[in-house]
Amino acid sequence: MSQSNITQFLCWNYVVCPVYHEINSDWADKYSRGVFFLLFCCLPGDVTPRESSPFINNTDQDQENYYDGKNMALFEEEIESNPMVSSLLNKLVNYTNLTQGVTEHEEYENEEGVTKIRMGTFIGVYLPCMQNILGVILFLRLTWIVGTAGILESFAIVVMCCTCTMLTAISMSAIATNGVVPAGGSYYMISRSLGPEFGGAVGLCFYLGTTFAGSMYILGTIEILLTYIVPNAAVFVAEKKEGEAEAMLNNMRVYGTCCLALMALVVFVGVKYVNKLALVFLACVVLSIMAIYAGVIKTVIEPPDFPICLLGNRSLQNHNFEKCVKTEVIKNVTYTTKLWELFCDSHHLNATCDEYFTLNNVTEIQGIPGLLSGVIKDNMWGDYGPSGMLVEKKRQSSVPAQDNSRDIYMPYVFNDISTFFTLLVGIYFPSVTGIMAGSNRSGDLRDAQRSIPFGTILAIATTSFIYMTCVVLFGACIEGVVLRDKFGDSVKKNLVIGTLAWPSPWVIVIGSFFSCCGAGLQSLTGAPRLLQAIARDGIVPFLQVFGHGKANGEPTWALLMTAGICEIGILIASLDAVAPILSISLSVWKPISHFYSSSPTLSFLGMSLCVSLMFISSWYYALVAMSIAGCIYKYIEYRGAEKEWGDGIRGLSLNAARYALIRLEEVQPHTKNWRPQLLVLLKLDSDLGVKHPRLLSFTTQLKAGKGLTIVSSVLEGTYMTLGAEAKSAEQNVKSAMHAERTKGFCHVVVSSNLRDGFSHLIQSAGLGGMKHNAVLMAWPGAWKQAEDSYPWKNFIETVRETTSAHQALLVAKNIDKFPSSEDRLGEGTIDVWWIVHDGGLLMLLPFLLRQHKVWRKCKMRIFTVAQMDDNSIQMKKDLQMFLYHLRLNAVVEVVEMHDSDIAAFTYEKTLVMEQRSQMLKQMQLSRNEREREAQLITKLGTKSHGNLNDNATATPDHRVHMTWTKDKLITEKNRNRSEPNVGVKDLFNMKPNQSNVRRMHTAVKLNEVVVNKSQGAQLVLLNMPGPPKTKGGDENYMEFLEVLMDGLDRVLLVRGGGREVITIYS
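Cut-offs used in this document
Residues numbered from 1 in each chain as written. Predicted model: local features only at pLDDT ≥ 70, side-chain atom pairs only at ≥ 80, totals over all residues. Heavy atoms only, no water. Helix = DSSP H or I, 4+ residues; strand = E, 2+ residues; numbered from the N terminus. Expected span 1.5 Å × (residues − 1). Bend = angle between axes of the 7 residues up to and from the residue. Phe/Tyr/Trp six-rings, centres within 6.5 Å; stacked < 30°, edge-to-face > 60°. Buried < 20%, exposed > 50% of the residue type's maximum accessible area, 1.4 Å probe, protein only. Lys NZ or Arg CZ within 6 Å of the ring centre and 35° of its normal. Contact = heavy atoms within 4.5 Å. Arc of directions from axis to C-beta. Pairing = 2+ DSSP bridges. Core = buried A, V, L, I, M, F, W, Y, C linked by side-chain atoms within 4.5 Å.

(A) Representation of helix 24 (residues 719-739). The first and last C-alpha atoms of helix 24 sit 28 Å apart over 21 residues, in line with the 30 Å expected at 1.5 Å per residue. A bend of about 30° at Glu 725 is the largest found in helix 24. Looking one or two places after helix 24, you find Arg 741, whose phi comes out positive at around 60°.

Below is the structure:
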């Protein structure tokens, strides 16, 4: 075949065919002679990719590159599950920003014309974080916090909050650098680290926090607009002074709603426009920060002129008067001023004035004395107070008035809310929670695992420095009464931080306005993407509608939901009321995130600090937020989709389980802690389904989901041939367990025979201290009709092995007649026949059953047997006292069984039993004889066939050595035939064994008593006699048990494990 022919053949991609050919050309020498070509060709339509590796996505087309020539023929059978290194590296190099196997978080768009905007560290993470952190709190509330809390406490607040966010960012970096971070940001990292339950609960709380952050930024924007830029634009105007606050709230609601609609429209248009606007907004923020520092430097040279007016020691609102004097002399004539008219009933000198106004003088001081003025000493400590408290200058003399009832109507500066340290922490904390602005947009980042840690930590370091220096500089440059003036009433309605700026306060006003606008846009951009990521994971079923969006991936429905929730915050209309809610919502996830820190010390420190800040900010909000997170967690746990993301909680659970198992194995459990840890031996039908599902129902009723339950079964064969059947059977058993609400573990093993399989389970099921101490199985009801003796022999061997292993044994007769977990038994009894002491297991089992709703209405009766020499009255009293100490409510009855002659019926039944056993032995011998004949014929045939094919030089050493020769077979055959003939004659002349007669007598008499007393009982519990020590009487043992349970519907045979399981001591 020529090179062109082979090339043409390779182009035929319609079939899959092996080609053998001898190639002698130079072109083919490099592939060696006799090369084996295997052409993998795609059949039409067979182009569906599939995930065959946990690392990469393999497709059928890729497999043609896995095997080339003979160099890797040694690995060709495993090439599908273990790809070539070259192929693996190629996949990893061309890795896209998507999860492996499926597009879990973001639809990969290959359509023509649709492109995704990918951003770097600076634009994608650093700038959004800077913009969110240096937002509304810095410009509107930081000066007020410094004035109210003092420099020291304000610095402590800033350090605590910044430390908290830095530790959180370090923990976040440990996760972000651990692998690829698709869309979802902080939610993705939490959920993949701590599981879907924690991820969903914390993610939704964080989403709500981010949404309320948008409300806070919008409220800040409107506050700046209506208070400092265009105060005359108010829609609602108060007619009286008392209604000014309510009118302001209504204006905030109207303008806030309009601003929200405008911002939502901008976000809807696309993230690229938000990014372009963000650069403009951030430029304003940077200019504002620079203006603040420039103003601080200028105060050293020439402080700005912002005089404030004090009446006594009280600060006055000076936007309604120009001169800080009561009267003024013009051409030797004394005139009253605007200030006089505010405190007096007329402008005349003889007017009636406010008492405090009359007693105190008016003084004017500089609001910005400068960095070198020494005002830092006065601002070092805090000045907290209730709502309505007057803002007063410390160490300023004044004369108090007797009547202060009209102070509220005077132009003083008041505290609008009560102030205390924890409130200020709650108000300030949202300013540092903007660290998630970059991680929330991880789906839009070019390299999220590098950009998120680097950009976030750098932004925190930068903003922490700005906040700490601002706290000190504000306290060192601005007068205390001005700092405590939240809205700048004492400086002619100027923004307080703007009075410090250079060259003009308008730089700060405009900068803060655009900063709040930009932060609001960032929140409205990040929150919908966070909700979309949660919805696309499918862990909260009713949120799946929010996973859809526009063709380019923009979360349209999530944006609408976010705008609706954001409107709720705007309707609150108070920045100080929204901030604590935001603090708690954004703080809930922080303690959780520290579980994944690279340092245990940092993890514990960060978690403790976060929890402390939550309760410091608002303990009741903290409890509400944690309750909401807990409810979401439980909802996802019970109703959400099951996800396996390799989360850290699973690792913690494994470590905790290992530690607990080691501790359990160190000492044996005390009698007070003993509970039946069940190994349930199931029987499967021909379709690998559970044959007796009611056995699982009874397990559920007995265990109630507590303790250890191992449900197991055995398939007969080899694991190499039945591996798939074993997995299928295990799934069937798990489905049956789920249907019967049985909580436990499932294990199906494959063994060469059932006996060995059950033996291995009894010996090795469980792990460490979590091993079973009791075995539950069904009674082999059809053991008499079985073609062979394996069923009842396996049963007896199981009884012997559980006894040898000191494990309890529970055998349920007529298990299919037992109630299901949905049934409710009415009036009835659970009868316990306590014949021999078994460690108290017979007492414990009915108590546990009655805890379940199926058996709850059943009463407990305990019967015991008295012999001739026993005092039945005293036995009853002792048993009642014993039950009283055990706190068991049961009816006690002592049954007397007198010695009586053995009835003829018992002799006859024993004789029939032994005759049947003898006949079974004879039938077994005949069966063995037939098997030996077949074995000899097979081997003789094999030998003849070998002689025909072997050459004449074969040596005698190669002959097959037979276990059975023809002579041995004839001799054994004659011997076996003679023995049954003798046995048949003896069947009619044999006498029953006296030991068997006595045992049969006991079984018959005890059965009569039990049937007489308990035939109508819902359940009968009986002591299970032990099997014979020698195997010669095994079949008789089964007959004894059958006679003992005859005439009873539901019976549970109980055999103790050789230890006490109940105690009367507390």
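(B) Inspection of the packing of aromatic side chains at higher detail. The full count for this structure, using the stated rule, is 17 aromatic pairs. Look at Tyr 428 and Tyr 467: their rings are 5.4 Å apart centre to centre, the planes differ by 85°, and that puts the pair in the edge-to-face class. Taken as a pair, Tyr 428 in helix 12 (residues 421-428) and Tyr 467 in helix 13 (residues 448-477) lie far apart in primary sequence, 39 residues in all. Tyr 467 gets classed as buried once you look at its relative accessible area, which sits at 0%. Among the aromatic side chains, those forming a connected cluster through ring pairs are Trp 340, Phe 343, Tyr 356, Phe 357, Tyr 412 and Phe 414. Positioned over the ring face of Tyr 412 is Arg 314, at 5.0 Å from the centre of the ring. If you follow Arg 450 out to its NZ or CZ, it ends over the ring of Phe 454, 5.9 Å from the centre.

(C) Layout of the environment of Ala 213. Note that Ala 213 resides in helix 7 (residues 186-229). Spatially, the C-alpha atom of Ala 213 lies 9.5 Å from that of Ala 527, the residues being 314 residues apart in sequence. Residue contacts for Ala 213: discarding those within four places in its chain leaves Ser 523 and Leu 582.

(D) Spatial organisation of helix 20 (residues 600-617). Its 18 residues give helix 20 an end-to-end C-alpha distance of 26 Å, which sits within 8% of 26 Å, the value for a rise of 1.5 Å per residue. Inspection of helix 20 places Ser 603, Gly 606, Leu 609, Cys 610, Leu 613, Met 614 and Ser 617 among the buried residues, and these make up the whole buried set. With its buried residues spanning 140° around the axis, helix 20 presents them on a single face. In helix 20, the exposed positions angled more than 90 degrees off the buried face are occupied by Pro 600, Thr 601 and Phe 604.

(E) Geometry of the pairing of strand 9 (residues 709-716). Most of strand 9 is tucked away: 7 of the 8 residues are buried. Where strand 8 (residues 678-681) meets strand 9, 4 bridges bridge the pair, whose relative direction is parallel. Bridged to Leu 678 within strand 9 is Thr 709. Examined bridge by bridge, strand 9 and strand 10 (residues 745-751) share 7 bridges and lie parallel to one another. Note that in strand 10 the partner of Ile 710 across the bridge is Phe 745.

(F) Region of interest: the nonpolar core. With 129 residues, the main nonpolar core has Met 216, Tyr 428 and Phe 474 as its most contacted residues. If you tally residues by element for this core, the top one is helix 7, at 18 residues. Here Phe 474 is in contact with Leu 142, Thr 143, Ile 292, Leu 483, Ile 497 and Leu 500, once residues within four sequence places are set aside. Counting 58 residues, the second-largest nonpolar core is a separate cluster that includes Ala 736, Cys 746, Ile 862 and Val 1061.

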